[in-house]
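Residue-level structural notes
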Amino acid sequence: MNLIRMKGVNKQYKNGVTAIYDLDLTIEKGDFVFIIGSTGCGKSTLIKMLYREEKPTSGKIIVGGLDVAKLRNGKVYKLRRKLGVVFQDFKLLSKLTVYENVAFALEVFGLPKSEIHEKVLKVLDLVGLKNKAKHYPTELSGGEQQRVAIARAIVNGPKLLICDEPTGNLDEATSMEIMKVLEEINKLGTTIIMVTHDTNIVSLMKKRVILLDAGRILKDYEKGTYTHEGI
Amino acid sequence: MRAFRVLSRNIRDSFKSVFRNFSLSLASISCIAITLIVVAVAIILTYNVNNFATLVEKDVTIVAFLDVDITEEETKMVEEEIKKLDNIENYVYRSKTDITEEMMDSSDIFGSIMSEWKEEENPLQATFQVKVIDIDTIGDIANQIKGINHVDVVKYGEGMVEQLVSVFDSIKNVSLIVVIALILVTAFLISNTIKITIFSRRREIEIMRLVGASNINIKIPFILEGLVLGIIGSILPVVITIYGYVAIYNKFGGKLFTQIIQLIKPEPFIYLVAIALVTIGMIVGMFGSWRAVKKHLKI
């Protein structure tokens, strides 16, 4: 079943730059998809449209049954509740502890404390940070901070996890740790779309890979067919 | 239940935010407090002036003195003329005898002198005491009465009443302008405080949006913060108003300067003023923050 369906999507920014040309793409439920390409190829624009940070100029984007292109600003939260987003710079609140950072995502929905407690501990366990719940982000390593960000993104049980260069600030070993966590989450049924520059990781993971170039899909590699030399 | 939990979280957050940016909040709270004190003075002044003006207006009477040698028939004619006038609430005729008796009753000296007067020696004049409906027309009506035959002199405190009314009006207008100006300045200051809060919490707002907080969910804490500033800012003015007015009222025994100017009794007047102050504080606070949210919180 399709989780994401994009048809004839164009994106032109107000300054006249066209980032995406006539793009068609479908992603199945439970998939793990890498989006790669050189800087400025439209990777970020593509995923920003998925969580409705950007609106397509034309075309159709369906995410989890919601018509994203037609979604009014006031209704964007409905989409955001169905997905989680992870960034290169983690976007954690430094004044809150690890536990509070993750709980923050549930508090805005008004869940009861006991339910929040249970869910946060479960997800911190999943990313291997249960013992650091009371630490502040600044006391953690980069890899650990990213795991907190992932925990926050999935604590609400989203169908889709969007990762915008989550390993961009991390060394190779730490990046692989993050990838393991992501793979674990994917195994539990969450669809993952990850934008990255790191072709080594992409080669090692053996997942579906979409290569973008100048706003178009240059190549769509089936699961396991991508190799570093493929570019 | 869920909405209640979200709301209680928002209230908690808005209090937190007030104390997190305390120096800024203090500036807004002080400004609200000063404004509300002025508003309180203006309200108290306006209501007291209105109260006083109503009392005076009720009391103002045109007294038409009739010719000393007026006959009964001529008196009837004058009465007919007065009846024809517009804008008259009521009138009372008081004959020479009525006035003489009243004066004799009021003092023993008058009594002993007047008791010796014969009817034709009585120098007092019979009067019509006329009350008007609208005090603004009193001058015109006095003139009309003066024009009636056999009316000798007309008195109604000329000049004094008009002056009093115009002074009251100016006091009301000036205090209204001052209050409006102060409210605008305060709303602007609160708006500025909330603007800075919004900027200082940009990251938090961004994350709230990412994790799927609805727009209302994001905006409400800021609006509530303005509300909290308004409520905290109204505490001091309420206390000052209640204790201050009661103290002034007791010190002057309910009357100011002269016996004529009566102050309004503190209860329930002062509690109504207090409620008005808190309400104004809340509205100004919310309006200020709403303006900042509308302008600076682009979602």
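Note that this is a predicted model, so its numbers are computed, not measured. (Residues numbered from 1 in each chain as written. Chains lettered and ligands numbered in written order. Predicted model: local features only at pLDDT ≥ 70, side-chain atom pairs only at ≥ 80, totals over all residues. Heavy atoms only, no water.)

Grouped together as the largest cluster of nonpolar side chains are 87 residues, with contacts concentrated most on F34, L124, I150, L161 and L182 of chain A. The element that contributes the greatest number of residues to this core is helix 9 (residues 215-251) of chain B, accounting for nine residues. Counting residues in hydrophobic clusters, the runner-up holds 34 residues, among them L3, V9, L25 and I27 of chain A. (Core = buried A, V, L, I, M, F, W, Y, C linked by side-chain atoms within 4.5 Å. Buried < 20%, exposed > 50% of the residue type's maximum accessible area, 1.4 Å probe, protein only. Helix = DSSP H or I, 4+ residues; strand = E, 2+ residues; numbered from the N terminus.)

Turning our attention to the sheet that holds strand 2 (residues 88-94) of chain B. Residues and elements named next belong to chain B. The sheet built from four strands is open, its strands ordered 2-3-1-4 with antiparallel pairing. A single partner strand is all that each edge strand has here, and the edge strands are strand 2 and strand 4 (151-155). Here the strands of the sheet are splayed against their neighbours by 20° on average, with no regard to which way each runs. Direction of pairing for strand 1 (residues 61-66) relative to strand 3 (residues 127-132): antiparallel, over a ladder of five bridges. Looking at the pairing, F65 lines up with T127 of strand 3. (Pairing = 2+ DSSP bridges. Axes fitted to C-alpha atoms, helices over the stretch in contact; angles between N-to-C directions.)

Of all residues in chain A, 99% attain a pLDDT of 70 or more, and the chain-wide mean is 91. Within chain A, strand 8 (residues 191-195) of chain A carries the highest mean pLDDT (96), whereas helix 2 (residues 76-80) of chain A carries the lowest (90). (pLDDT = per-residue confidence, 0-100.)

Across the contact, 20 residues belong to chain B and 23 residues belong to chain A. Here chain B and chain A share an interface that buries about 2,000 Å² over both sides, 55% of which is from carbon and sulfur atoms. One can count two salt bridges joining chain B with chain A. Among the ionic pairs, K91 of chain A bridges to E206 of chain B, the shortest N-O distance being 2.9 Å. One can count four residue pairs in polar contact (both at pLDDT 80 or more) joining chain B with chain A. Going through the elements one at a time, helix 1 (2-20), helix 8 (202-210) and helix 9 of chain B are the ones with two or more residues in the side of chain B that touches chain A. No other element matches helix 8 of chain B, which puts seven residues into the side of chain B that touches chain A. Residue composition of the side of chain B that touches chain A, by class: seven nonpolar, four polar and nine charged. (Contact = heavy atoms within 4.5 Å. Buried area = accessible area lost by both parts, 1.4 Å probe. Salt bridge = Lys/Arg side-chain N within 4 Å of Asp/Glu carboxyl O. Polar contact = N/O pair within 3.5 Å; in protein donor to acceptor, adjacent residues only side chain to side chain. Nonpolar A, V, L, I, M, F, W, Y, C, P; charged D, E, K, R; others polar.)

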